[in-house]
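# Analysis of the macromolecular model
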Amino acid sequence: MSTGTTARENWEQRIASRSDEREAVPVPELPPPAGLTAVEGLGHVTLRWEPVDGAIGYLVHRAPAGSPHADLAPVDHLGGDVLSVPETWYVDTTGEPGTAYDYAVASVPTVTEHGEVGEPVTATAKPAGGSVPVVDLTVATAADGTPLAKPWQPMIGSERLSQLLCTDTSGGQVIGTELEAALRRVHDEIGVSTVRAHAILHDDLGVYREVDGEPAYDFGRIDEVYDKLLAIGLRPCVELGFMPRDLASDPDRTVFEYGGIISPPKDWDRWSDLIGSLVRHLIDRYGADEVLHWDFEVWNEGNLEVFWSSSRDEWMRLYDVTAAAVKAVDPRLAVGGPSSAAAGWVDELLEHTSRSGAPVDFVSTHTYGNSPLDLRPTLARYGSTARILWTEWGVTPTHFNPVNDSVSSATFLLHGMRSASGRLDALSYWVASDHFEELGRPPRLLHGGFGLITVGGIAKARYHALHLLSRLGDTELPVTASGDGADGLVQAWASRDDDGSLSILVWNHTLDQGKASGDSALRRTVRLHVQDGGTARVTRLDADHGDIATLADRIGVQDWPTDEQWDELRRADQLVAEPVELTAGVLELDLPQPSAVLIQVTV
């Protein structure tokens, strides 16, 4: 498959098809949230409501003011995946300023359905004009604070790890060398500890073949891959897939240009033995004390036809057989799933394993274009104490989407990590590097790739966002906000280090990808109030700081940079902190949409 328009359109059609349309398991009927209010702001409307017990999220609806209740439809912020939000607030910038709309909210018990849509409130986003609104943020610097959860550190995503052994070039750069450098960078600069990737059982690693009708194993190339990871300081999350050709019931059913086989095994006993043999080998090579820190995840996105050629029932059998094979080696090993697209099959897996008895040490799933939903109520319904791992997450599920290269994707990342903090165990951004070949190798430097780091090793705005997050301290401090856009459009995350210094991240963001290039009506002035005294440094992330897409356009990069352009891009690879004046403990900042700023105060 090429990376042309036809290939992309074909992929989008295929990935939208579910593997099994069978009725989902029963879930509770939830009432709409109470206390819905709407605040009209310049260029936006901010909605707030009360939480509903048992809800994993909420779906915001809208219609022109005065429309029949039946005309209320979900607000589409163009993220391309799940529209429900986990928070009890929503900022709508998708409407026409000056036009009145009715807004209503429904509770979401599971991603596949929502409850009754509540009674609407009417609001109008104010049209542009006049002065830039001011948002006041006051940090409670003397507060005891609470431990600051860091959901970005446990895990990052990557292309299949066989790429680490690849000596081919892409864009003139050696693929394996650059992928290894990208993984080292996210470990060293951001503190990531684990990597999750596809296709560890793919035939390009030569794991399984049949000789005279009998299975033969070779884990040598897996060893090469995992040796490289461990040398960096990273551990693998072992996604158990795809199916080796000699073991596949239908080897012609494949996904991606590299031909991952998506069919069930032709022999379930041989599949079980393969998994058990691999796990035993890993323990023999790396030791139980090491491998007990690894997670073993069953398959990838079996709820999509592109990744699983059979039914949901047969995938549940795959889960049971795989989990049993892992646990037979050592019952302390962690196994989980469903590793599903768009938060699907979580209820179904927990319902199934409540009957089959198969263990679920962690629940894993994926979402794009939105904050991850809150799965704690789902686990509570089944009495599960499993960890919650979002093993894929990103700004869009769409390959070659320009939003991936934008500053808007960076503020999306900050918004999602802040939302997820404290309610899940890992939020793994997909992926570390643009050396990524699902639909072919990168055709140009800025091609809308999923990577945080480009071919050539240049940080995108999303990488800078993660790096700014990594500089937050260990103690979270309360922030009081007021003004047009406070605690919605403009968000803040404040922290204190052990030495008393402060790190405060502030950003201006909307989920609306129609505003990915910015909207002047959403610009804000921020007045940050901190303790008097001390010195401050400010690190900006916006169109003029850390935005490789804007820089590449300004210097005229075509498909690939010239040598001189590579040099200029690399000189701009790091964000620079600049000293600023604190006047009576107040710092005033211009905050375009989208943009972010890290303020560090040393006392």
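Each remark here, short or long, concerns the structure printed above.
Below is a summary of the structure that appears in this document. (Residues numbered from 1 in each chain as written. Predicted model: local features only at pLDDT ≥ 70, side-chain atom pairs only at ≥ 80, totals over all residues. Heavy atoms only, no water.)

## Comments concerning the pairing of strand S26 (residues 490-496)
Basically, it comes down to this: Each residue's exposure class comes from its accessible area (1.4 Å probe, protein chains only) as a fraction of the maximum for that residue type: buried when under 20%, exposed when over 50%, partly exposed otherwise. In this description a helix means any DSSP run of H or I spanning at least four residues, a strand means any run of E spanning at least two, and both kinds are numbered starting from the N terminus. The pairing criterion is simple: DSSP has to find at least two bridges between the two strands.
Burial runs high along S26: seven of the seven residues are buried. Judged by which residues are buried, S26 turns out to be covered on both faces: Val-490, Ala-492, Ala-494 and Arg-496 on one side and Gln-491, Trp-493 and Ser-495 on the other are all buried. Judged from the three bridges that link them, strand S24 (residues 475-477) and S26 form a sheet pairing that is antiparallel. Paired with Glu-476 across the two strands is Ser-495, which belongs to S26. As paired elements, S26 and strand S27 (residues 502-508) share seven bridges and run antiparallel to each other. Its bridge partner lying in S27, Val-490 is registered against Asn-508. Two successive antiparallel strands, S26 and S27, enclose a turn made up of five residues, where Gly-500 displays a positive phi of approximately 90°.

## So, the nonpolar core
Put simply, the test is: To form a nonpolar core, buried Ala, Val, Leu, Ile, Met, Phe, Trp, Tyr and Cys residues must be joined to one another through side-chain atoms within 4.5 Å.
Judged by nonpolar contacts, the single largest core of 136 residues is most densely connected at Tyr-226, Trp-271, Phe-296, Trp-315 and Leu-469. No other element matches helix H4 (residues 268-286), which puts nine residues into this core. Grouped together as the second largest cluster of nonpolar side chains are 23 residues, Leu-137, Ala-492, Ala-494 and Val-530 included.

## Re a negative patch on the surface
Selection criterion: Patches were defined on residues exceeding 30% relative accessible area and lacking a salt bridge, with like-charge contacts within 9 Å and nonpolar side-chain contacts (Val, Leu, Ile, Met, Phe, Trp, Tyr) within 5 Å. Shrake-Rupley sampling with a 1.4 Å probe provides the accessible areas, and residues are treated as covered by the protein chains on show and by no other component. Any carboxyl oxygen of Asp or Glu that lies within 4 Å of a side-chain nitrogen of Lys or Arg is treated as forming a salt bridge with it. Only four residue types enter the tally: Lys and Arg on the positive side, Asp and Glu on the negative side, with His and both chain ends excluded. Just so you know, the charge point we use is NZ for Lys, CZ for Arg, CG for Asp and CD for Glu.
Where like charges cluster on the molecular surface, the negative patch consists of Asp-563, Glu-564, Asp-567 and Glu-568. With respect to the secondary-structure elements, Glu-568 resides in helix H12 (residues 563-571).

## Describing the sheet that holds strand S2 (residues 44-48)
Heads up, the condition is: An axis is simply a line fitted to the C-alpha atoms; with a helix, the fit covers only the stretch in contact. Between two such axes, the angle follows the N-to-C directions and lies from 0 to 180 degrees.
Spatially, S1-S2-S5 is the arrangement adopted by the three strands of the open sheet, whose pairing is antiparallel. The strands lining the two open edges of the sheet, one partner per strand, are strand S1 (37-41) and strand S5 (89-92). Adjacent strand axes in the sheet meet at a mean angle of 15° when their direction is disregarded. Bridging between S2 and S5 involves four bridges; their strand directions are antiparallel. For Leu-47, the partnering residue across the bridge sits in S5 and is Tyr-90.

## So, the sheet that holds strand S8 (residues 134-139)
If you trace the four strands from one edge of the open sheet to the other, you get S25-S8-S28-S31, paired in mixed fashion. With one partner strand each, in any of the chains shown, strand S25 (479-483) and strand S31 (586-591) form the two edges of the open sheet. Between one strand axis and the next, the sheet turns through 20° on average, direction left out of account. Of the strand pairs in this sheet, S8 and strand S28 (residues 524-529) are connected by five bridges, and their pairing is parallel. Looking at the pairing, Asp-136 lines up with Arg-527 of S28.

## A few points about the pattern of salt bridges
Counted according to the given criterion, the structure contains 35 salt bridges. With a closest N to O distance of 3.5 Å, Lys-228 and Glu-180 form a salt bridge. Of this pair, Lys-228 sits in helix H3 (residues 220-232) while Glu-180 is found in helix H2 (residues 175-190), placing the two residues 48 residues apart along the sequence. Relative accessible area serves as the criterion here: at 28%, Lys-228 is assigned to the partly exposed category. The partner of Arg-185 in a salt bridge is Asp-573, and the shortest N-O contact between them spans 2.9 Å. One end of the pair, Arg-185, is in helix H2; the other, Asp-573, is in the loop between H12 and strand S30 (577-580), and 388 residues separate them in sequence. Comparing Arg-185 with Asp-573, the two get one shared label, buried. When salt bridges with common partners are traced through the structure, they connect Arg-160, Asp-168, Asp-204, Glu-437 and Arg-441 into a single cluster.

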